[in-house]
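What the coordinates show
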Amino acid sequence: MKKISTIALLTLVTLSFTSCEVIGGIFKAGVWSGIIMVVVVVALILWLLAKMFGGRRN
């Protein structure tokens, strides 16, 4: 059940923003803050995917 709610939340966030709005906001905020935001978002997505599909390896 928890995996389903995580996937639903991720889908909702992805669909709630259009790419033009995100890119426009990045350029308004400045190049460096935009780069930092993109790196943080990509790291967060990778972390979430690792948590969902990685499992524990003992």
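Scope of this entry: the structure provided in the associated data block. This one's a predicted model, so the numbers in the text were calculated from it and none came from an experiment.

Our next topic: the overall build of the chain. Along the backbone of the chain there are three helices and zero strands. Starting at the N terminus and walking to the C terminus, you meet the elements of the chain as α-α-α. For the chain, the residues scored as buried account for 5% of the 58 residues in total. A total of about 5,400 Å² of accessible surface is found on the chain, and carbon and sulfur atoms cover 76% of it.

By the element assignment, Thr6 lies in helix α1 (residues 2-16). Thr6 gets classed as partly exposed once you look at its relative accessible area, which sits at 24%. Distance from Thr6 to Leu48, taken between C-alpha atoms, is 8.7 Å for residues 42 residues apart in sequence.

Parameters at a glance
- Residues numbered from 1 in each chain as written.
- Predicted model: local features only at pLDDT ≥ 70, side-chain atom pairs only at ≥ 80, totals over all residues.
- Heavy atoms only, no water.
- Helix = DSSP H or I, 4+ residues; strand = E, 2+ residues; numbered from the N terminus.
- Buried < 20%, exposed > 50% of the residue type's maximum accessible area, 1.4 Å probe, protein only.
- Areas by Shrake-Rupley, 256 points an atom, 1.4 Å probe, with all protein chains shown as cover.

By themselves these figures say nothing about function.
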